[in-house]
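# A look at the structure
Listed below are the residues making up each chain.
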Amino acid sequence: MAFATSSFWGPVTSTTEWCEQNYAHSSYIAEFYNTISNIPSIVLALIGLVIALSQQFEKRFSILHISNMILAIGSMLFHATLQRLQQQGDETPMVWEMLLYIYILYSPHWHYKTTMPTFLFLYGVLFAIFHSQIRSNFGFKAHYITLCLLCIPRMYKYYIHTHDKNAKHLAKLYLITLFLGLSCWGFDRVFCRKISIWEFNPQGHALWHVFMAFNSYFANEFLMFCRAQQRGWDPRVVYFMGFFPYVKIEKPKAQ
């Protein structure tokens, strides 16, 4: 949307914008609410990283939490500048993160240990090169949705083979936050013209960021629980201050 004050970053060069008035609050931040709404993602990813490191989970989960932080930072830079380069810095980590999820979901049952990470790494590198040269909003969205859909069968399999009710609750929170986030995202896109003339903008895309911050956290904790079960680490979901869930494990002394 058109800006209200001067722009530090110059004209918009990204291939997409969102339903928020540009530079309405600062000449340094194009989409103010879409930028600051990424902060919960960084905080929750940092909490997840501390949990993974303190309990000595496998490195894949530390990398996963770090990738969540990188994605949030990339999104902040994109929404703050609305520049094409920063847009790539947002979209490329989105794909890399989904490749990491695919690895975590499928690798425990993959008999050839080196083929999957090698393939996914090369795929991620080739995508980054291709995406830097050819930009297609529809093509990117279709590609990203396809990667997300590849995760669903394995997530469902983990869910039905998990009998702990608190772990299942994590999975349900994952679905609820995903539904709420997608609803906000869709509302922002479909009704943007009407929203732009309202006195109050509900900031649907910013709410999408917040819901997806919790969505990623719940997904990561659920996957950590499932992996701990596979390794025989006696996982359980506990609640900090009675409401904030996280996974706690007890490894056998031999490990």
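To keep things clear, this report deals only with the structure shown in the data block. Since the structure is predicted, the reported quantities are computational estimates derived from the model, not experimental observations.

Before going further, it helps to spend a moment on helix H5 (residues 115–133). For H5, with 19 residues, the first-to-last C-alpha span of 27 Å sits near the 27 Å given by 1.5 Å per residue. All buried positions along H5 are accounted for by Met116, Leu120, Gly124, Phe127, Ala128 and His131. The arc enclosing the buried residues of H5, seen along the axis, measures out at 105 degrees, which places them on a common side. Projecting away from the buried face of H5 at angles above 90 degrees are the exposed residues Phe119, Phe121, Leu126, Phe130 and Gln133. Those residues of H5 that are buried lie in contact with helix H4 (84–106) and helix H6 (137–160).

Taken together, the side chains of Tyr33, Ile36, Ile39, Val43 and Ile47 define a hydrophobic patch exposed on the protein surface, amounting to about 380 Å² of accessible area. Those elements that provide at least two residues to the nonpolar patch are helix H1 (32–36) and helix H2 (39–54). Looking at the nonpolar patch, the element that brings in the most residues is H2, giving three residues.

Definitions and limits used
Residues numbered from 1 in each chain as written. Predicted model: local features only at pLDDT ≥ 70, side-chain atom pairs only at ≥ 80, totals over all residues. Heavy atoms only, no water. Helix = DSSP H or I, 4+ residues; strand = E, 2+ residues; numbered from the N terminus. Expected span 1.5 Å × (residues − 1). Buried < 20%, exposed > 50% of the residue type's maximum accessible area, 1.4 Å probe, protein only. Arc of directions from axis to C-beta. Contact = heavy atoms within 4.5 Å. Patch = residues over 30% accessible without salt bridge, like charges linked within 9 Å, V, L, I, M, F, W, Y side chains within 5 Å. Areas by Shrake-Rupley, 256 points an atom, 1.4 Å probe, with all protein chains shown as cover. Salt bridge = Lys/Arg side-chain N within 4 Å of Asp/Glu carboxyl O.

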